[in-house]
Amino acid sequence: MYEKLFEPIHLGPTEIRNRIFNPPHGTTLGSRGLVSDELIAYHEARAKGGAGLIILEGMAFHPSFCFPSAYLNAGHDDIIPGLTKLKAACAAYDTAVFGQLFHAGRSVRSSHDGSRPQVYSASDTPDDRYRIVPVAMPIEVIFEIIESYASAGRRLVEAGLDGVEILASQGYLMGQFLNPAVNRRDDEFGGSLENRMRFLVETLAHTRRAIGSEKTLGVRITLDEQTGAGVAKEETVKICQVLEQDGHLDYFSVISGSSASHNGWIHVFPPMAIPPAYVADDAATLKAKVTKPVLVAGRINQAQSAAEILNQGQADMVGLVRALIADPEFPNKVAQNRVDEIRACIGCNQACVGHRLSHHPISCIQNPITGRELEFRPHTDVTKQRVLVIGGGPGGMKAAATAAAQGHDVTLYEKEARLGGQVRLAEALPGRSEFGGVITNLSAELEKTAVEVCLSSTVDKRVLETLDPDAIIISTGAVARLPEAEVDGTDVLTAWAVISGEAQVGQHVAIADWSSDWTGLGVAHMLALAGHQVHLFSGTSSCAEAIPPLVRDQWMGELYRLNVDTTCYARFFGAQDNTAFFQHTITGDAIVFEGVDTIVSCYPPRANDDAAWLADLSNGRDSPFVIKTIGDALAPRTVEEAVLEGFKAARTIGKLDGQFEGG
Ligand SMILES: Cc1cc2nc3c(=O)[nH]c(=O)nc-3n(C[C@H](O)[C@H](O)[C@H](O)COP(=O)(O)OP(=O)(O)OC[C@H]3O[C@@H](n4cnc5c(N)ncnc54)[C@H](O)[C@@H]3O)c2cc1C
Ligand SMILES: Cc1cc2nc3c(=O)[nH]c(=O)nc-3n(C[C@H](O)[C@H](O)[C@H](O)COP(=O)(O)O)c2cc1C
Ligand code: SF4
């Protein structure tokens, strides 16, 4: 079923060796607008992994789009040498490289000096997310930007890239001109469809002239902005037909969503709540109406669905962004019949989108090498050791698999009957079952090794003597705890007890959410679905402040529909009989909530000190082993840190010149 994935295809003049492409995505690996060695190593890994085409992240190119310095800037010739190096690194694996040109228009939040930026759009219509009033772009700036697209395109091909893509979607500048709800102009760039298209049409014509006919020119377009106020699908199809007739374009790349609103934004980085491969229908709609190749992306995270899109003729190429962030070897694994070994992306949006939005280099909670390709090159100078890992949550599993892959003799002890740790609770939350993929993927990694896994087992002195380890990794995770509060006559339960089904919950529930993460929203969702009346009290200024914003946005929409009430700035104080007391975190005023049957506490867990006796042993001067504590056992955080620390600790075991890295 996978054959079609590996058929070559022409996108205009460029032949691509297979149908798998890596769509543009900001990595925050650039430096002062330029290509860094880290960015080259990042893309080289994806080329080596078998992607036929990489389209580099949206590059800024005109001063009217103020971009952070870790973005790429194609507005200057300085970009050329770095791009040339990047292209050469990918060409070694026969991977074509295009570059995307990106202007956000009004979708800009920051400026270089911290003042609120002055941004341009088609007119002065503000959006729902950035909340900045744009200035209608003067006509001379439009012409200047058209020329800048063309000069930036020229730089990309001068650097040796195979093609240029214009981002005309997701509610960014070109999308703002196309959209009649945003474009209120009455000059030749507004009003009729022909006028609203003019900016894009002229840009494509000028860019084609600048890059010549030997290079590919494509456009990325949204058929469904998912905002309720976007360009109608039929109109977008019509736009594409006109663009095709103009004869400058070689392909269309279809995507969903818009940066302009909270509901549209969810689809720019669709989280796990959005079904896999869901944009394929839009691609098929367009493909039926145009003759140029149609590319598609959006939650394609499985080889089966990727192949199905091609086999059903819905699109000509399938785009994998997060799937390749999680596993750059995805294409090779499919080609080599190793589909079961693919580390599937679970759509959590944490270390990829989350890092990007906080201006950090992207990574993956499941794959700590992503974004750190230079830091984590494979070791060769390792002496074989006996390694004991205590605790089989994500941190311990990653540590065990990594140590075994390095050639060590590894035993993993897990006190429960199955592996997974807290992820077993996380995956039980409504709409979050895919999070369990972390454990499925790590189990597949473990199965490839000779790690001896001892379930329902703990380590005592006798076990220690028998195993006689050289190194011990403690990954015993965390234990739930309740806040210190005065409680009398009301049940206060930990969220863990409620999610696992251990505890009975009354009809009227107050959730006391200190953590402001997945647990509070998840337990509220779970109980509301089960028919409870739920009020979520959050200690932060908005609910679930600690999770990636668009995961939160999607989830808050669900809770609203289920009539979950929310109060922010509320610290749990105590309870008496059927009344819960909170304190406003700013004013200190009491918030009294009457008629409550059960209080569910989302107070942060405590690091599990089950294995502290080992640390005491190893502190002795003649300790027979080295010891490292990682993940939640060190300090309760998330899967990302547990996996990263497990990986780092295991990597340095038996390294001749190395110290034992960890948390
Ligand atoms: C409801 C919920 C939702 C969450 N959602 C997310 C999310 O969406 N994203 C995210 O990144 N994080 C989430 N987390 C947090 C995340 O699951 C943890 O941070 C992560 O699992 C920590 O991994 P770990 O390996 O360090 O510890 P754990 O997952 O706690 O695993 C520790 C393991 O050690 C075992 N163990 C303990 N003592 C011993 C012993 N003496 N001997 C042998 N074995 C022992 C335990 O049984 C357990 O299997 C969530 C947590 C919860 C509770
Ligand atoms: C971290 C990150 C940055 C992104 N930056 C861009 C970008 O610069 N230009 C663009 O067109 N799309 C960008 N996207 C959207 C992706 O190209 C893609 O459409 C989206 O991630 C859905 O595909 P996926 O499910 O395969 O990840 C970005 C996505 C991610 C995860
Ligand atoms: S962090 Fe989550 S969403 Fe991002 S690539 Fe990894 S698994 Fe996928």
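Our subject is the structure listed above.
Quick look at the structure, then. (Residues numbered from 1 in each chain as written. Chains lettered and ligands numbered in written order. Predicted model: local features only at pLDDT ≥ 70, side-chain atom pairs only at ≥ 80, totals over all residues. Heavy atoms only, no water.)

1. Observations concerning the site of ligand 3
In the vicinity of ligand 3, the residues found are R322, I325, C345, I346, G347, C348, N349, A351, C352, C364, I365 and Q366. Broken down by class, the residue content of the shell around ligand 3 amounts to 8 nonpolar, 3 polar and 1 charged. (Near = heavy atom within 4 Å. Nonpolar A, V, L, I, M, F, W, Y, C, P; charged D, E, K, R; others polar.)

2. Things to note about the sheet that holds strand β10 (residues 251-256)
Strand order around the closed barrel formed by 8 strands is β3-β4-β5-β8-β9-β10-β11-β12, with parallel pairing between neighbours. The average undirected angle you get between the axes of adjacent strands in this sheet is 30 degrees. Direction of pairing for β10 relative to strand β11 (residues 294-297): parallel, over a ladder of 3 bridges. The residue of β11 that forms the bridge with S253 is L295. Lying over the sheet, helix α3 (residues 139-158) contacts β4 (53-59), β5 (96-101) and β8 (163-167), oriented at roughly 160 degrees with respect to β5. Most of the contacts of helix α5 (residues 193-211) go to strand β9 (residues 216-224), to which it runs at about 160 degrees, and overall it touches β8 and β9. (Pairing = 2+ DSSP bridges. Helix = DSSP H or I, 4+ residues; strand = E, 2+ residues; numbered from the N terminus. Axes fitted to C-alpha atoms, helices over the stretch in contact; angles between N-to-C directions. Contact = heavy atoms within 4.5 Å.)

3. Details of the sheet that holds strand β15 (residues 452-454)
The strand order across the open sheet formed by 5 strands is β15-β14-β13-β16-β28, and the pairing between neighbours is parallel. The open sheet terminates on both sides in strands that have one partner only, identified here as β15 and β28 (626-629). Averaged over neighbouring strand pairs, the angle between their axes works out to 15 degrees when direction is ignored. Bridge analysis of strand β16 (residues 471-474) against β28 gives 4 bridges, and the strand direction is parallel. In the strand pairing of β28, I474 is matched with T629. Sheet strands in contact with helix α13 (residues 394-405) are β13 (386-390), β14 (409-413) and β16, and its direction is about 165 degrees off that of β14.

4. Considering the environment of E188
Mapped onto the secondary structure, E188 falls in the loop between α4 (173-178) and α5. Looking at E188, the relative accessible area reads 35%, which means it is partly exposed. The spatial distance from the C-alpha of E188 to the C-alpha of I139 is 9.3 Å, given a sequence separation of 49 residues. Apart from the residues within four sequence positions on either side, E188 is in contact with I139, N195 and R198. (Buried < 20%, exposed > 50% of the residue type's maximum accessible area, 1.4 Å probe, protein only.)

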